[in-house]
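# Architecture at a glance
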Amino acid sequence: MYFFSSSCTMNSFAVILIIGLVSSRIASQVVGSSFNVLDYGATGDGSTDDSQAFLNAWKDACSSAAGSPLLIIPQNLKFLVHPITFSGPCNSEKINFAIMGTILAPASPSIWGDGDPSQWLAFQDVTGLNIYGSGTIDGQGKVWWDQSCRDHPGLEGCKGLAPTALKLISCNEGSLSNIMFSNSPQSHVLIYGCNDFRVDSVAIQSPEDSPNTDGIHIQSSHQLSITNSKISTGDDCVSIGDYTSNVEINFLSCGPGHGISIGSLGKSGNEVQVENIHVSNAFLYGTTNGARIKTWQAGKGYVRNVIFENLILHTVNNPIIIDQHYCDDPGACQETGSGVQISDVTFRNIYGTSGTDVTVNLNCSKVVPCKDIHLQFVQLAAAQPGNLATASCNNAYGQEFIVVPGPCLI
Ligand SMILES: *[C@@H]1O[C@H](CO)[C@@H](O)[C@H](O)[C@H]1NC(C)=O
């Protein structure tokens, strides 16, 4: 090369430059195909129905085979969106859904018409889906709460079912991060039938008295994590349902709310399979429960290998609770010959105050007692000055080490 004339060197330099430009253009197409809902006619005015624009943008993003297409919901705008499902499978291995603005639910239940009242925004069968952004998903749930059968049992036409703000169904190898959720009509996020999914740095906020507004509900899913998140709501901050395994919850703030719950499980007499659940580094304040496992007597199967550790509780009503007689349906509360086997459950490094005097309540079934329960380094005092904290255990076998109040296990 040193022997070429200067003009020849220039030529080859130019060729290399052109090749470089062409390949970077291809690369930018591969990495950066983006689909902004505004280009599909969305108004972002907060009152026009922008659903069709969202669906059209999704259709193009999902059929794009290039790299990881990006759907953009821009900031500083409010998009009113009716119940919609973003369906896969998509053509790319990954697909990004950036919510920078606000997505608003219709303020009137009549918009749902004959459609499924349990659903507002849903993603189904999308692999490699990453939902993120500094935006908000606002469920405008108040109109639903005001008609909820749970809160207004006598109300004519009361609603037993209300929409979940975001349903993620069969979403493998994906993530949900940084989004803020507020005022969902019912649960905020449902993760159903997903393997290998991460939730990180989300905020969920609804009033303490809003009915059935679980933060994140997980069911029939495996390999999930929920990290660095803050949940304030009217029901469970996180609830873990049947057929779930390998869940990691780390750095969670919960309150107000009903705490972190495994269950209720086995309601329909089904074969429960829940295992390898690890909750660590959680702060719970003013919640009705701390670490809870609840099963119906009709259930079968197991809950095993569960660890709750490093929890700080502030005025939590039932700090540590296992209830194998869970029942919120008066017709189905009799003793039965079955039960879900609960075993290998560790409560470790749990400190703080209880809103009630019973700080540890392990109420297991006579038929299928709890076994291999471990209580280690638990210190819970009654929040009410002068009250004495107590522990109550029924049919709970295991070992305890430095537990106040205690002892309790058999
Ligand atoms: C245990 O469960 C039984 C059956 O539901 C209930 O009657 C009892 O009050 C519970 N005990 C405690 C200490 O919560």
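Residues numbered from 1 in each chain as written. Predicted model: local features only at pLDDT ≥ 70, side-chain atom pairs only at ≥ 80, totals over all residues. Heavy atoms only, no water.

### Looking at the overall build of the protein chain
Let me state the cut-off plainly: The way it works is that DSSP assigns letters per residue, a run of H or I at least four long becomes a helix, a run of E at least two long becomes a strand, and they are numbered from the N terminus. Residue burial is assigned from relative accessible area. The probe radius is 1.4 Å, only protein chains are included, and a residue is buried under 20% of its type maximum, exposed over 50%, and partly exposed in between. Only heavy atoms matter for contacts: two residues are in contact if any of them lie within 4.5 Å across the pair. Using a 1.4 Å probe, the Shrake-Rupley method yields the accessible areas, and only the shown protein chains count as cover for residues. Charged residues are defined here as Lys and Arg on the positive side and Asp and Glu on the negative side; His and the ends of the chain fall outside this count. Think of each charge as sitting on NZ of Lys, CZ of Arg, CG of Asp or CD of Glu.
From N to C terminus, the protein chain includes three helices and 30 strands. Put simply, the protein chain has 410 residues, and 49% of those count as buried. A separation of at least 24 residues holds for 76% of the contacts in the protein chain among residues at least 6 apart in sequence. When the accessible area of the protein chain is evaluated, it comes to approximately 17,900 Å², of which 53% is carbon and sulfur surface. Averaged over its 18 positive side-chain charges, the protein chain has a centre that lies 2 Å from the centre of its 34 negative ones.

### A few points about the site of the ligand
The test is simple: Throughout this document, a residue counts as near a molecule or strand when at least one of its heavy atoms sits within 4 Å of that molecule or strand. Pairs of N or O atoms within 3.5 Å make up the polar contacts considered here, provided that, within protein, one atom can donate a hydrogen while the other can accept it, and that residues adjacent in sequence are counted only when both atoms are side-chain atoms. When residue character is reported, Ala, Val, Leu, Ile, Met, Phe, Trp, Tyr, Cys and Pro are called nonpolar, Asp, Glu, Lys and Arg charged, and the others, Gly included, polar.
Around the ligand sit His 325, Asn 361, Asn 363 and Ser 392, and those are all the residues in its vicinity. A distance of 3.3 Å separates an oxygen atom of the ligand from a polar side-chain atom of His 325. In the environment of the ligand, an oxygen atom lies 2.4 Å from a nitrogen or oxygen atom belonging to the side chain of Asn 363. Taking 360 Å² as the accessible area of the ligand by itself, protein coverage stands at 41%. Considered class by class, the residues forming the shell around the ligand number no nonpolar, four polar and no charged.

### Quick word on the domain arrangement of the protein chain
The accessible area lost on association of the parts is a frequent measure of interface size. Note the cut-off: For the domain bounds, the source is a domain assignment made automatically or taken from a database. The term buried area refers to how much accessible surface (probe radius 1.4 Å) is lost by two components on association, counted for both of them together. By definition, a salt bridge exists where a carboxyl oxygen of Asp or Glu is found within 4 Å of a side-chain nitrogen of Lys or Arg.
Each domain of the protein chain was delimited in the assignment, giving domain 1 (42–222) and domain 2 (236–410). Taken over C-alpha atoms, the centre of domain 1 sits 30 Å from the centre of domain 2. Taken residue by residue, the interface counts 11 residues in domain 1 and 14 residues in domain 2. For the pair domain 1 and domain 2, the summed buried area comes to about 980 Å², and 43% of that belongs to carbon and sulfur atoms. Counting across the domain 1 and domain 2 interface gives zero salt bridges. In this assembly, domain 1 and domain 2 are joined by 15 residue pairs in polar contact (both at pLDDT 80 or more). The element best represented in the side of domain 1 that touches domain 2 is strand S17 (residues 216–219), accounting for four residues. For the side of domain 1 that touches domain 2, a count of residues per class yields two nonpolar, seven polar and two charged.

### A short note on the side chain of Ser 354
Here Ser 354 is to be found in strand S26 (residues 341–354). Among the polar contacts made by the side chain of Ser 354, one reaches the main-chain carbonyl oxygen of Thr 356 at a distance of 2.6 Å. With sequence-adjacent residues up to four places away left out, Ser 354 is seen in contact with Thr 315, Val 316, Asn 317, Pro 319, Thr 359, Ala 381, Ala 382 and Ala 383.

### Points about the pattern of salt bridges
Scanning all chains against the criterion turns up four salt bridges. Across the pair Asp 146 and Lys 142 runs a salt bridge, and its minimum N-O distance is 2.9 Å. For the salt bridge of Arg 304 with Glu 275, the shortest nitrogen-to-oxygen distance reads 3.0 Å. Of this pair, Arg 304 sits in strand S24 (residues 300–316) while Glu 275 is found in strand S22 (residues 271–285), placing the two residues 29 residues apart along the sequence. Residue classification places Arg 304 among the partly exposed residues on the basis of a relative accessible area of 33%. Classification of Glu 275 by relative accessible area gives partly exposed; the value is 21%.

### Digging into a nonpolar patch on the surface
The line we're drawing: A residue counts toward a patch only above 30% relative accessible area and without a salt bridge, and it is joined to like-charged neighbours within 9 Å or, for Val, Leu, Ile, Met, Phe, Trp and Tyr, to nonpolar neighbours within 5 Å.
There is a patch of nonpolar side chains on the surface, built from Phe 283, Ile 312, Tyr 351, Phe 377, Phe 401 and Ile 402 and spanning about 570 Å² of accessible area. Locating Phe 401 in the fold gives a position in strand S30 (residues 396–404).

### A closer look at the sheet that holds strand S14 (residues 189–192)
Backbone-to-backbone hydrogen bonds join strands into a sheet, with any given pair of strands oriented parallel or antiparallel. Note the threshold: Pairing between two strands is assigned when DSSP locates at least 2 bridges connecting them. As a rule, the C-alpha atoms of each element are fitted with a line to give its axis, helices using only the stretch in contact, and angles between N-to-C directions run from 0 to 180 degrees.
Spatial ordering of the open sheet is given by S5-S8-S11-S14-S17-S19-S21-S23-S25-S27-S29, a layout of 11 strands whose pairing is parallel. Two strands lie at the open edges of the sheet, namely strand S5 (84–87) and strand S29 (390–394), each paired on one side alone. Looking at each pair of strands side by side, their axes are set apart by 15° on average, direction ignored. Pairing of strand S8 (residues 119–124) with strand S11 (residues 164–169), which is carried by five bridges, proceeds in the parallel orientation. Looking across to S11, one finds that Gln 124 is bridged to Ile 169. Helix H2 (residues 51–63) rests against S5 and S8 of the sheet, and its axis sits at about 5° to S5.

### Digging into the pairing of strand S25 (residues 318–323)
Among the six residues of S25, five are classified as buried, and the element is accordingly described as predominantly covered. Here strand S23 (residues 289–295) pairs with S25 via five bridges, running parallel. Its bridge partner lying in S25, Ala 291 is registered against Ile 320.

### Some words on the nonpolar core
Put simply, the test is: We define a nonpolar core as any set of buried Ala, Val, Leu, Ile, Met, Phe, Trp, Tyr and Cys residues linked to one another through side-chain atoms lying within 4.5 Å.
With 94 residues, the main nonpolar core has Trp 58, Leu 168, Phe 347 and Leu 362 as its most contacted residues. No fewer than three residues from each of domain 1 (42–222) and domain 2 (236–410) sit in this core. Residues within four places of Trp 58 in sequence aside, it is in contact with Leu 71, Phe 86, Ser 87, Cys 90, Ile 95, Phe 97, Phe 123, Val 126 and Leu 129.

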